[in-house]
Amino acid sequence: MSEKKKIIIGSDHAGFEMKNSIISNLSDIEFDDIGTDSDESVDYPDYANELVKRIQSNSYSFGILICGTGIGMSMSANRTKDIRAALCLNTKMAELARQHNDANILVLGSRLISVSEAIKCLLVFLNTKFEGGRHQGRLNKFNNVDYNIT
Ligand code: RB5
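Described below are features of the structure shown in this document. As the structure is a prediction and not an experimental result, all values here were calculated from the model.

Things to note about helix 4 (residues 91–99)
Here is step 1: When helix 4 is considered as a whole, its buried residues turn out to be Ala94, Ala97, Arg98 and Gln99.
Here is step 2: Its buried side turned inward, helix 4 meets strand 4 (85–87), helix 5 (115–126) and helix 6 (134–140).
Here is step 3: Where helix 4 begins, the capping side chain belongs to Asn90, and its oxygen is found 3.2 Å from the backbone nitrogen of Lys92.

With respect to the environment of Lys129
Here is step 1: Along the chain, Lys129 falls in the loop between helix 5 and helix 6.
Here is step 2: For the pair Lys129 and Leu96, spaced 33 residues apart in sequence, the C-alpha separation works out to 9.5 Å.
Here is step 3: Setting aside residues up to four positions removed in sequence, Lys129 forms contacts with Arg98 and Gln99.

Observations concerning the site of the ligand
Here is step 1: Near the ligand, the surroundings consist of Asp12, His13, Ala14, Tyr44, Cys67, Gly68, Thr69, Gly72 and Arg111.
Here is step 2: Side-chain polar atom of Arg111 to an oxygen atom of the ligand: 3.3 Å apart, as the coordinates give it.
Here is step 3: Burial of the ligand by the protein amounts to 73% of the accessible area it has alone, namely 300 Å².
Here is step 4: Split by residue class, the shell around the ligand holds 3 nonpolar, 4 polar and 2 charged.

A word on unusual backbone geometry
Here is step 1: Looking along the chain, the bond that leaves Gly35 and enters Thr36 is cis, with omega of 10°.
Here is step 2: Position of Thr36 among the secondary structure elements: in the loop between strand 2 (29–33) and helix 2 (44–58).
Here is step 3: Of note, the phi angle at Asp82 is positive, near 70°, even though the residue is not glycine.
Here is step 4: Its place among the elements puts Asp82 in the loop between helix 3 (71–77) and strand 4.
Here is step 5: The phi dihedral of Asp102 falls on the positive side, at around 45°, and the residue is not glycine.
Here is step 6: Inspection of the secondary structure assignment puts Asp102 in the loop between helix 4 and strand 5 (105–109).

Examining the side chain of Ser11
Here is step 1: Inspection of the secondary structure puts Ser11 in strand 1 (residues 5–11).
Here is step 2: When sequence neighbours within four positions are dropped, the list of residues in contact with Ser11 reads Phe16, Lys19, Gly35, Thr36, Tyr47, Ile66 and Met73.

Quick look at the packing of helix 1 (residues 16–25) against helix 5
Here is step 1: With their axes 10 Å apart at the nearest point, helix 1 and helix 5 run at an angle of 60° to one another. As summarised for this structure, helix 1 and helix 5 are arranged oblique, according to the angle between their axes. The handedness of the crossing between helix 1 and helix 5 comes out as right-handed. Contacts between helix 1 and helix 5 pair Met18, Ser21, Ile22 and Asn25 from the former with Val115, Ala118, Ile119 and Leu122 from the latter.
Here is step 2: Its residues assigned to classes, the contact of helix 1 with helix 5 shows 6 nonpolar, 2 polar and no charged.

Overview of the layout of surface pockets
Here is step 1: Roughly 250 Å³ of volume is contained in the largest pocket.
Here is step 2: Together, 17 residues line the largest pocket, and Ile83, Arg84, Asn101, Leu139 and Phe142 are the ones closest to its centre.
Here is step 3: Within the residue set of the lining of the largest pocket, elements represented by two or more residues are strand 4 and helix 6.
Here is step 4: The dominant element in the lining of the largest pocket, judged by the number of residues it contributes, is helix 6, at 3 residues.
Here is step 5: In terms of residue class, the lining of the largest pocket is built from 7 nonpolar, 6 polar and 4 charged.

The rules behind these values
- Residues numbered from 1 in each chain as written.
- Predicted model: local features only at pLDDT ≥ 70, side-chain atom pairs only at ≥ 80, totals over all residues.
- Heavy atoms only, no water.
- Buried < 20%, exposed > 50% of the residue type's maximum accessible area, 1.4 Å probe, protein only.
- Helix = DSSP H or I, 4+ residues; strand = E, 2+ residues; numbered from the N terminus.
- Contact = heavy atoms within 4.5 Å.
- Polar contact = N/O pair within 3.5 Å; in protein donor to acceptor, adjacent residues only side chain to side chain.
- Near = heavy atom within 4 Å.
- Areas by Shrake-Rupley, 256 points an atom, 1.4 Å probe, with all protein chains shown as cover.
- Nonpolar A, V, L, I, M, F, W, Y, C, P; charged D, E, K, R; others polar.
- Axes fitted to C-alpha atoms, helices over the stretch in contact; angles between N-to-C directions.
- Parallel < 35°, antiparallel > 145°, perpendicular 65-115°, else oblique.
- Left-handed = near helix turned anticlockwise from the far one by under 90°.
- 1 Å grid on protein atoms, 1.4 Å probe; cavity = no way out; pocket = protein on both sides within 12 Å on 5 of 7 lines; lining within 4 Å.
- Points joined across faces, edges and corners; volume = space filled by probe spheres on them.

Keep in mind that these numbers describe shape and distance, not what the molecule does.
And the structure:
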């Protein structure tokens, strides 16, 4: 029997319903759900920060972040070194985010795409490999930036 994939997932209140739908529709995947746990208003950076911290300490291969547009979650997550969070609105973006950008977090906007499109994006994201080569050279240049973020 093949091992279940283990992925960490988090959302704010705007992404709460989409997060639940993704988890309940994909029983072959083991999700570590860091919340939020209701549609009561919360601050998306709290969830982005927690998720990237856990990716760094527990070496999950992939994470998923969901907010209303996906913009706030992307901005927050990408402030961390070695995190490449990609906001994807369709499967082409999800495919290229893996092939060219070696994205390790898929970001979804619950107010912009349907649950079924989000699930398609997730499946493509998980099943697409990084192409390396010239793309790796470009990613290496991310490290030229002095992040200076604690
Ligand atoms: C919450 O209303 C909304 O601002 C948040 O989910 C997200 O879209 C921010 O980028």
